[in-house]
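Residue strings, one per chain:
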Amino acid sequence: MSKHWNPDDVVLRLREERAAQAKPRWPHGATAGLVLVAVACFGVAAVLYHVAGPRDVFAP
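The text that follows walks through the structure, step by step, so that each part is easy to find.

The helix and strand tally for the protein stands at 2 helices and 0 strands. The buried share among the 60 residues of the protein stands at 2%.

Following this line, the structure appears as structure tokens:
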């Protein structure tokens, strides 16, 4: 005899599949890479300001 259809099992399985697809994973090392890029951008901005910025901020 075949198994009776249980809509709760089907609904639960579909919800679990959708939840697994809806949550993309953050790749390993992505946070460190993002922090490295942010620090590099800040460093480049600081060097550019030092090189091309104003020479005397409190000029008379």
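Taken together, Y49, V57 and F58 make up a surface patch of nonpolar side chains, about 420 Å² in accessible area. Note on placement: Y49 falls in helix α2 (residues 30-52). What makes Y49 exposed here is its relative accessible area of 53%.

Moving on: the pattern of salt bridges. Summed over all chains, the structure comprises 1 salt bridge. The shortest N-O distance in the salt bridge between R13 and E17 comes to 3.3 Å. Taken as a pair, R13 and E17 lie in helix α1 (residues 7-22) at a separation of 4 residues, close to a single helical turn. For E17, a relative accessible area of 37% corresponds to the partly exposed category.

Rules used throughout
Residues numbered from 1 in each chain as written. Predicted model: local features only at pLDDT ≥ 70, side-chain atom pairs only at ≥ 80, totals over all residues. Heavy atoms only, no water. Helix = DSSP H or I, 4+ residues; strand = E, 2+ residues; numbered from the N terminus. Buried < 20%, exposed > 50% of the residue type's maximum accessible area, 1.4 Å probe, protein only. Patch = residues over 30% accessible without salt bridge, like charges linked within 9 Å, V, L, I, M, F, W, Y side chains within 5 Å. Areas by Shrake-Rupley, 256 points an atom, 1.4 Å probe, with all protein chains shown as cover. Salt bridge = Lys/Arg side-chain N within 4 Å of Asp/Glu carboxyl O.

Functional significance is not addressed by these values, which are geometric in nature.
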